[in-house]
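Architecture and fold: a report
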Amino acid sequence: MNDEILRVENLRTTFTTSAGEVKAVDGVSFTVKRGEVLGIAGESGSGKSATMLSIMGLLGEAGRAEYGRLDFMGENLTPESVKSLRGDKIAMVFQDPMTSLNPVLSVGYQLEESLRRHNWQGNIHERVAEMMTRVGIVPAAERMRHYPHEFSGGQRQRLMIAMSILCGPELLIADEPTTALDVTVQAQILGLLREIRRDSGMSMILITHDLGVIAGEADRVIVMYGGRVMEEGTAREIFGSPMHPYTRGLLRSVPKPDSPRERLIPIEGQPPDLLNPPEGCPFVKRCNEAMRICLHRKPEALTLSETHKYSCWLGVKD
Ligand code: SF4
């Protein structure tokens, strides 16, 4: 049985701006398996969110995405078929729930509306109460009458999770779902997502700049930089034996719970200008190990194992 739920091949995304074309995503490919958590890591502007907005057809008028292939549960997707899956078989949770919740409508009304839009066949009121209870917003019957401002930040994120799982999605895309929350609430929300996945078998793409969150949740990891995939592997491979200089730099810049006194080393410099992307490796201006070839030629992916690949000239034997 094919356990692959999503396949993305050679995704390229550009945004038209007054300054020119921004190449936000440049040839990204990956798969997600049934029930697994794929973590996508990288700094702001690395192309993580643009990748997901492209898949969901949410780029807006300025954005344009092209694919080699985009399959979901074995079916080739078109922009029209993506629309019908959105909020149904594929759901999203964003960083800021207030941008997704209407402040002048009760949350119960908004969740019920979401089910109506997807032609839910059962009892809409009961389904909303069930999902609100599932995410810990109780007593649901009473809380459904409340407005978004009557909930804390953590509760609003719980509401967004309730909204995202209303239709029983096969894949949840969570884009920085805990970034705006304090550490305790962050742990609660991640725990809630874990429970929902365990009970439903849902797959998840977890997009975050927070490597600690990825280390705790992801089965496999993609590290993005300058709109390209720099390294991918299982969480054990990425955190245990990182190969790409950018991945190693990212790991040196975050504290480790087992050695809290270790000096953190930030990656110096700025991400590349994607209006004028570098001809060669996108990391070349910040890489301590850069060579002449890195300036002019993009490295191809090197395969270390069935799951572990990275793109860097350092591993190429001449
Ligand atoms: Fe550094 Fe060159 Fe490897 Fe890019 S290809 S990460 S510049 S060594």
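Since this is a predicted model, take the numbers as computed values, not measurements. (Residues numbered from 1 in each chain as written. Predicted model: local features only at pLDDT ≥ 70, side-chain atom pairs only at ≥ 80, totals over all residues. Heavy atoms only, no water.)

What follows concerns the overall build of the protein chain. When its secondary structure is counted, the protein chain shows twelve helices and 13 strands. Taking 2.2 N^0.38 as the reference for a compact globule, 318 residues should give roughly 20 Å; the C-alpha atoms of the protein chain span a radius of gyration of 20 Å, in line with that estimate. For the C-alpha atoms alone, the extent of the protein chain along its principal axes is close to 65 × 50 × 45 Å. Sorting the 318 residues of the protein chain into buried and exposed places 48% on the buried side. Seen as two clouds, the 37 positive and the 41 negative side-chain charges of the protein chain have centres 3 Å apart. (Helix = DSSP H or I, 4+ residues; strand = E, 2+ residues; numbered from the N terminus. Rg over C-alpha atoms; globule rule 2.2 N^0.38 Å. Buried < 20%, exposed > 50% of the residue type's maximum accessible area, 1.4 Å probe, protein only. Lys, Arg positive; Asp, Glu negative; His and termini not counted. Charge placed at Lys NZ, Arg CZ, Asp CG, Glu CD.)

Attention now moves to the layout of surface pockets. Considering only enclosed or pocket space, the largest pocket measures out at about 520 Å³ in volume. Among the elements of the structure, strand S2 (20–33), strand S11 (228–234) and strand S13 (309–311) are those that each provide at least two residues to the lining of the largest pocket. Top contributing element to the lining of the largest pocket by residue count: S2, with seven residues. By residue class, the composition of the lining of the largest pocket is seven nonpolar, six polar and twelve charged. (1 Å grid on protein atoms, 1.4 Å probe; cavity = no way out; pocket = protein on both sides within 12 Å on 5 of 7 lines; lining within 4 Å. Points joined across faces, edges and corners; volume = space filled by probe spheres on them. Nonpolar A, V, L, I, M, F, W, Y, C, P; charged D, E, K, R; others polar.)

Here the focus is the domain arrangement of the protein chain. Each assigned domain of the protein chain is listed here: domain 1 (4–89 + 170–274) and domain 2 (100–166). Using C-alpha coordinates to define each centre, domain 1 is positioned 26 Å away from domain 2. Facing the 15 residues of domain 1 at the interface are ten residues of domain 2. Between domain 1 and domain 2 lies a buried interface of about 990 Å² when both sides are counted; carbon and sulfur atoms form 64% of it. Of all residues in domain 1, the largest losses of buried area upon contact with domain 2 belong to Ile189, Leu192 and Ile196, amounting jointly to 40% of the total for that side. There are two salt bridges connecting domain 1 and domain 2. Here Arg134 ties to Glu195 by a salt bridge, and the two come within 3.5 Å at their closest N and O atoms. Where domain 1 packs against domain 2, one counts four residue pairs in polar contact (both at pLDDT 80 or more). Counting residues per element, the side of domain 1 that touches domain 2 draws most heavily on helix H8 (residues 183–200), which supplies eight residues. (Domains from an automatic or database assignment. Contact = heavy atoms within 4.5 Å. Buried area = accessible area lost by both parts, 1.4 Å probe. Salt bridge = Lys/Arg side-chain N within 4 Å of Asp/Glu carboxyl O. Polar contact = N/O pair within 3.5 Å; in protein donor to acceptor, adjacent residues only side chain to side chain.)

The next thing to look at is the packing of helix H4 (residues 107–117) against helix H5 (residues 124–134). How two helices sit against one another is set out by the angle between their axes and by the gap between those axes. Where H4 meets H5, the closest approach of the two axes is 9 Å, and the angle between their N-to-C directions is 115°. As H4 runs across H5, the sense of the crossing is right-handed. Contact residues: Val107, Gly108, Leu111, Glu112, Leu115 and Arg116 in H4; Ile124, His125, Arg127, Val128 and Met132 in H5. A class-by-class count of the residues in the contact of H4 with H5 yields six nonpolar, two polar and three charged. (Axes fitted to C-alpha atoms, helices over the stretch in contact; angles between N-to-C directions. Left-handed = near helix turned anticlockwise from the far one by under 90°.)

Turning to the nonpolar core, a few remarks are in order. By size, the foremost hydrophobic cluster in this structure holds 57 residues, and its most contacted members are Met132, Val135, Ile161 and Tyr246. Both domain 1 (4–89 + 170–274) and domain 2 (100–166) contribute no fewer than three residues apiece to this core. Discounting chain neighbours no more than four positions away, the residues touching Tyr246 are Gly42, Glu43, Val223, Met224, Tyr225, Met230, Ile267 and Phe283. Of all hydrophobic cores here, the second largest spans 29 residues; its members include Leu11, Val28, Met92 and Val229. (Core = buried A, V, L, I, M, F, W, Y, C linked by side-chain atoms within 4.5 Å.)

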